[in-house]
Each structure stands twice: as structure tokens, then as C-alpha cells.
Amino acid sequence: MKLWLVAAALSAASSFAHAAGAAITVYQDPNCGCCSGWVEHMRESGFDVTAIKTTDMASVKQRLGVPSQLGSCHTGVVEATGQIIEGHVPANAVNKLLADSSVKGVSAPGMPLNAPGMGQLDGNLITVDFTGKPFSKD
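Residues numbered from 1 in each chain as written. Predicted model: local features only at pLDDT ≥ 70, side-chain atom pairs only at ≥ 80, totals over all residues. Heavy atoms only, no water.

Quick word on the pairing of strand 3 (residues 74-78)
So, point 1. Burial analysis of strand 3 places five of its five residues in the buried class, which makes it a mostly covered element.
So, point 2. Of the two faces of strand 3, the one holding His-74, Gly-76 and Val-78 and the one holding Thr-75 and Val-77 are both buried throughout.
So, point 3. In this sheet, strand 3 lies alongside strand 1 (residues 23-28) in antiparallel orientation, the contact comprising five bridges. In the sheet register, Thr-25 faces strand 3, and the bridge partner there is Val-77.
So, point 4. Note that strand 3 and strand 4 (residues 84-87) share three bridges and pair antiparallel. Within strand 4, the position partnered with Gly-76 by the bridge is Ile-85.
So, point 5. Counting the residues between successive antiparallel strands, the hairpin from strand 3 to strand 4 contains five residues, one of them, Gly-82, with a positive phi of roughly 80°. (Buried < 20%, exposed > 50% of the residue type's maximum accessible area, 1.4 Å probe, protein only. Helix = DSSP H or I, 4+ residues; strand = E, 2+ residues; numbered from the N terminus. Pairing = 2+ DSSP bridges.)

Description of the side chain of Glu-86
So, point 1. Position of Glu-86 among the secondary structure elements: in strand 4.
So, point 2. The exposure class assigned to Glu-86 is buried, which follows from its relative accessible area of 0%.
So, point 3. There is a polar contact of 2.7 Å between the side chain of Glu-86 and the backbone nitrogen of Ser-72.
So, point 4. Discounting chain neighbours no more than four positions away, the residues touching Glu-86 are Lys-61, Val-66, Leu-70, Gly-71, Ser-72, His-74, Thr-75, Val-106, Ser-107, Ala-108 and Phe-130. (Polar contact = N/O pair within 3.5 Å; in protein donor to acceptor, adjacent residues only side chain to side chain. Contact = heavy atoms within 4.5 Å.)

So, the pattern of salt bridges
So, point 1. The final tally for this structure, using the stated rule, is one salt bridge.
So, point 2. Salt-bridge contacts for Glu-86 lead to Lys-61; the nearest nitrogen and oxygen are separated by 2.5 Å. Of the two residues, Glu-86 is situated in strand 4 and Lys-61 in helix 3 (residues 57-64); the sequence distance between them amounts to 25 residues. You'll find Glu-86 and Lys-61 in the same group, each marked buried. (Salt bridge = Lys/Arg side-chain N within 4 Å of Asp/Glu carboxyl O.)

Overview of the nonpolar core
So, point 1. Counting residues in hydrophobic clusters, the biggest one holds 20 residues, and the most contacted among them are Ile-24, Met-42, Phe-47, Ile-85, Val-89 and Val-94.
So, point 2. Those elements giving two or more residues to this core turn out to be strand 1, helix 2 (33-44), helix 4 (91-98) and strand 5 (105-108).
So, point 3. Looking at this core element by element, the count peaks at five residues for helix 4.
So, point 4. Other than its neighbours up to four places away in sequence, Ile-85 contacts Ile-24, Trp-38, His-74, Thr-75, Gly-76, Val-78, Val-94, Leu-97 and Val-106.
So, point 5. Judged by nonpolar contacts, the second largest core, of ten residues, contains Val-60, Val-77, Val-128 and Phe-130. (Core = buried A, V, L, I, M, F, W, Y, C linked by side-chain atoms within 4.5 Å.)

Points about the environment of Val-77
So, point 1. By the element assignment, Val-77 lies in strand 3.
So, point 2. Residue class for Val-77 comes out buried when judged on its relative accessible area of 13%.
So, point 3. Setting aside anything within four residues of it in sequence, one finds Val-77 in contact with Ala-23, Ile-24, Thr-25, Tyr-27, Leu-64, Gly-82, Gln-83 and Ile-84.

With respect to helix 3
Owing to its 3.6 residues per turn, the α-helix brings residues three or four apart onto one side.
So, point 1. Three or more residues of helix 3 are buried, namely Met-57, Val-60, Lys-61 and Leu-64. Taken end-on, helix 3 shows its buried residues confined to a sector of 95°, consistent with a single buried face. Exposed and facing more than 90 degrees away from the buried side of helix 3 are Ala-58, Gln-62 and Arg-63.
So, point 2. Each element contacted by the buried residues of helix 3 is listed here: strand 1, strand 3 and strand 4.
So, point 3. Phi turns positive one or two residues past the end of helix 3, at Gly-65, with a value near 80°. (Arc of directions from axis to C-beta.)

Function cannot be inferred from these measures alone, as they are strictly geometric.
In C-alpha cells, the structure reads:
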């Protein structure tokens with residue numbers, strides 16, 4: 001039992017270590033309140049998030065290479081790696097993204113109700129990579 005607790009603590013510390021100091025710039029529509037909820041979720045998870053309000057999200061997504069079928073209401077860029085976070089992707093999935101530099105970006109397409117900034121995670125939120133393949137389930 002003690003070994004299991006130690007393993008769980010190390011796993012949690014490892015996930016937080018990925019986030020610690022990780023800077024993300026997020027572009028969001030100034031009229032969208034759920035985006036601010038996601039930013040708060042990421043900050044509470046240890047990320048350093050800078051939010052930039054813009055009314056031209058289509059240009060941001062095009063410039064960053066977000067596949068149109070995976071679009072959502074806001075787009076984040078991990079400053080150190082250039083990896084893209086599209087929409088309400090949970091912090092756990094972002095940590096997984098940071099651990100794999102071969103993945104260009106991940107998305108929680110649309111505005112899922114069981115995602116950070118929209119509602120409670122329920123273990124059924126599927127995020128996908130930019131090829132459309134399942135990436136994580138939170």
C-alpha cells in the first residue's frame with residue numbers, strides 16, 4: 001500500500017513538473033467567457049498563461065495550422081515548443097502533450113460540456129491530436 005502511495009505521489013509531482021514554468025499564450029475572443037474559465041484551470045494547474053483577446057480568431061487558427069474540423073473557441077501556444085492547444089483541453093492532456101514533442105497539437109473540438117471552462121471533467125472527455133486520432137481521455 002505504501003509503495004502505491006509513493007508511486008501516486010511521484011506521478012502527480014511529475015505531471016506538475018511538466019507544467020511548472022510552462023508558458024502558454026492563449027488567443028481568445030473577447031466576448032467568450034468560457035475561455036477565461038479554461039485559462040483559470042490552466043493557471044491552477046501550474047501553467048503560466050498569457051491571454052490575448054482578439055476578434056480575428058480565424059486568422060490566428062490559420063496561422064498556427066489548426067485543422068478546421070478540430071476548431072474550438074480559443075487557441076493556445078506552448079511558448080517553449082510551439083505546440084498548439086485547441087479549445088478546452090484539460091491540463092493532464094497538456095502535460096502529456098509536453099512529454100511528446102512529436103505531437104504538433106491537441107484539441108477538444110467544439111465546446112464539450114465535460115471540459116475545463118465548460119463544466120466538470122467526468123472521465124469521458126476525448127481529446128485528439130491534430131491528425132484526428134484519440135490522444136487522451138479525461
